[in-house]
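In case you want the letters, here they are:
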Amino acid sequence: MVYLDYAATTPLRPEVLETIKNALELDFGNPSSIYQIGKKTKRKISSARESIAKLLGIIPNNLYFTSGATEANNWAIIHQAQTARKLGKGNHIVASAIEHPSVRETLVFLEQEGFEITWIYPDENKHITLQAFEAASTSKTTGWVAMAINNEVGAILPTVDLGKSAKQLGYWFHVDGVQAIGHQLKTLIPYVTSLSVSAHKFYGPKGIGFLVYQPWETAMLLKPFIHGGSQESSKRAGTENTPYILGMAKALELSLDEAAETQANLFEINQYLIEQLDNSAITFAINGDNDSRANHIINLWLPGFSSSQLLIQMDLAEIFVSAGSACSAGSLEDSLILKAYYPDDSQRWQESIRLSFGNQTTKEDIDKFIVQLNLIKERNHSYGI
Ligand code: PLP
C-alpha cells in the first residue's frame, strides 16, 4: 500500500499505542474521584497538560482538552465573537475564505446569528495577505480568523503577521493550527488569542485535540462550552478521555523531537515528486499558492484526468490519495478551496488531486504513484476516456 493522505489523518505511532493501552488498562480510575487511583489518573492528566504546555511554551491553564479541532474551532470562535459583541465592541469578523469546514461553517452559523463576516479570497498572486485583512476591517471589527496551513493546497497563511497586527488593533485572533507541524505551532503561540490542534494529524489518536486560549484582555476570559462537572476548569464538563490525552501528549513530544528531520524529509519528497512529474509525459500544474506552500501538502491539477475516476483507479492499485478535504471528497462536491483560488475554472476543480506526505513517505512511494498515473493515462487513452 502507498499512503499519500497524511493531511487527512496519520497512523498511530507504536509508542503512542503503547501509552494508550497502558492507560486503558492501568489508569481506569475516574480523575474526579478522591481515592488513590482517581488521584493518580488526575496527576497523569495534569502532567500531560504540563508536558504539552512546556513543549509549546504556553501556560498549562490556557490549554483545554477537546474532542478534536472541530470542537476547539467552534468553541473559540463562537465564544470570542459573542463575548466581544456583548462587550459592545462590534459584530464584524474578517476571515480567510479557504478555511476548513469546521471554521467556515462556524462562521456561517454566526452570520445567521446576526454577525457580519468578510471573507478574504486569495488575490491575483494566490496570496491571502495582511493588507487584505486590514483593508476589510472596520470600526465594528472584533476578530480575525486564519488557518496556519491550508489542508487542501498546503498554502501557508501569514498568521504571525496577522497576529502581530491583530494584537495591536485589539482584535481577537483565532488560528486553526491543525496542519502546522511541530515548531510551526510554537512560533505562532505569542500571536494568537486562540489556537486549535488535533492529535490525529501528528500520529496520535482520533477524537482528541486541544484549544489554546490566551486572550489579550481579561474581559474576554473563556466561557464554559459544555456545562456540567468541574473538568477542564469547569469549562468543558465530562469525564476526561485519559488514554487519549496521554497518547496525544506522547505523540506531540515525539513529533516535536523529530520535527527538523521530518521537515527535511518532507522537503525532499516534495521536490522529488515535482522533478519526477517534470520528467514524465504527464501535464500538471500545482494548485494554490506555490510560493508559500507547506512541504507536506501538494494539490495537483492533472488536465485530462477526472479526479473522482483517478481516486478510484488509484484505490484499486492500493495508492491512497485524496481530492481535497476528506469531507468534500466523501460527498463528491467540488472543492470550495479550489473554487476560491480558481473561480472561473471548473475543469480544474474536477481534475485535481491532493497528495500529502508524512514520516513514512519514501521516494519509492512517489515512484509507484507516477508509474500508476502513467498506466492510468495509457489505459484511459486506449479506452478513449
Ligand atoms: N482543521 C483542519 C485544517 C483540518 O485539516 C481538520 C481535519 O481534517 C480539522 C480542522 C478537524 O479536526 P478534527 O478531525 O480533530 O475535528
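The following refers to the structure shown. Every residue gets a number counted from 1 within its own chain, in the order that chain's sequence is written. Selection of residues for local features in this predicted model requires a pLDDT of at least 70, selection of side-chain atom pairs for listing and counting requires 80 or more, and totals for whole chains, interfaces and linings are taken over all residues. Side-chain numbers here rest on the full set of heavy atoms in the structure, without hydrogens or water.

All right, on to the packing of aromatic side chains then. Aromatic rings from Phe, Tyr and Trp, with only the six-membered ring used for Trp, were paired whenever their centres fell within 6.5 Å, and each pair was classed as stacked if the ring planes differed by under 30 degrees, edge-to-face if by over 60, and tilted otherwise. Evaluation of the coordinates by the stated rule reveals 7 aromatic pairs. Each ring, one from Phe-133 and one from Trp-144, has its centre 5.4 Å from the other, and the planes form 65°; the classification is edge-to-face. Separated by 11 residues along the polypeptide, Phe-133 in helix H5 (residues 130–136) and Trp-144 in strand S5 (residues 141–145) bring together distant segments of the chain. Three labels apply to residues, based on accessible area from a 1.4 Å probe with only protein chains included: buried if under 20% of the type maximum, exposed if over 50%, partly exposed otherwise in between. We classify Phe-133 as buried; its relative accessible area is 0%. An aromatic cluster is present here, built from Tyr-3, Tyr-6 and Tyr-203 joined pairwise through their rings. Just above the ring of Phe-115 sits the side chain of Arg-85; from NZ or CZ to the centre is 4.0 Å. Note that Arg-348 overlies the ring of Tyr-342, its terminal NZ or CZ placed 3.9 Å from the centroid. Here a strand is any run of E in DSSP of at least two residues, a helix any run of H or I of at least four, and the numbering for each starts at the N terminus. Note on criteria: charge over ring means Lys NZ or Arg CZ within 6 Å of the ring centre, with the direction from the centre no more than 35 degrees off the ring normal.

Given a helix with a known number of residues, its expected span is that number minus one, times 1.5 Å. The end-to-end C-alpha distance of helix H1 (residues 14–26) is 18 Å, a good match for the 18 Å that 13 residues give at a rise of 1.5 Å each. Restricting attention to buried positions, one finds in H1 the residues Val-16, Thr-19, Ile-20 and Ala-23. End-on view of H1: buried residues confined to an arc of 95°, all on one side of the axis. Exposed side of H1, more than 90 degrees from the buried face: Pro-14, Glu-25 and Leu-26 are the residues found there. Any two residues whose heavy atoms approach within 4.5 Å at even a single point are treated as in contact. At its buried positions, H1 is contacted by helix H9 (242–257). As used here, the arc is the angular range of directions from the helix axis to the C-beta atoms.

Right, let's talk about the packing of helix H2 (residues 36–56) against H9 for a bit. Axis lines are fitted to C-alpha atoms, over the contacting stretch for helices. Their N-to-C directions set the angle, which ranges from 0 to 180 degrees. One can describe the packing of H2 onto H9 by two numbers: an axis separation of 9 Å at closest approach and a directional angle of 25°. As judged from the angle between their axes, H2 and H9 are roughly parallel. Considering how the two elements wind past one another, H2 and H9 form a crossing that is left-handed. Mapping the contact onto sequence places Thr-41, Lys-44, Ile-45, Ala-48, Ser-51, Ile-52, Leu-55 and Leu-56 in H2 and Thr-242, Ile-245, Leu-246, Met-248, Ala-249, Leu-252, Glu-253 and Leu-256 in H9. The labels follow the angle: roughly parallel below 35 degrees, roughly antiparallel above 145, roughly perpendicular from 65 to 115, and oblique for the rest. Two helices cross in a left-handed way if the nearer one is turned anticlockwise from the farther one by less than a right angle. They cross in a right-handed way if the turn is clockwise.

Under the 1.5 Å per step criterion, the end-to-end length of H9 is 23 Å for 16 residues, consistent within 8% with the ideal 22 Å. Where burial is concerned, most of H9 is hidden: 12 out of the 16 residues are buried. Buried within H9 we find Thr-242, Pro-243, Ile-245, Leu-246, Gly-247, Met-248, Ala-249, Ala-251, Leu-252, Leu-254, Ser-255 and Leu-256. Lining the buried residues of H9 we find H1, H2, strand S2 (63–66), helix H7 (183–188), strand S8 (209–213) and helix H10 (259–278).

This part is about the pattern of salt bridges. Put simply, a salt bridge is a Lys or Arg side-chain nitrogen that is within 4 Å of an Asp or Glu carboxyl oxygen. Enumeration according to the criterion identifies 10 salt bridges in this entry. Among the ionic pairs, Arg-354 bridges to Asp-5, the shortest N-O distance being 3.0 Å. With Arg-354 in strand S12 (residues 352–356) and Asp-5 in the loop between strand S1 (2–3) and H1, the pair connects residues that are 349 residues apart, well separated along the chain. The two residues Arg-354 and Asp-5 agree in class, both being buried. As a salt-bridge pair, Asp-27 and Lys-44 come within 3.2 Å of each other at their nearest N and O atoms. You can see Asp-27 sitting in the loop between H1 and H2 and its partner Lys-44 sitting in helix H2, a full 17 residues away along the chain. Since its relative accessible area comes to 33%, Lys-44 is described here as partly exposed. A network of salt bridges, in which partner residues are shared, links Asp-27, Lys-40 and Lys-44.

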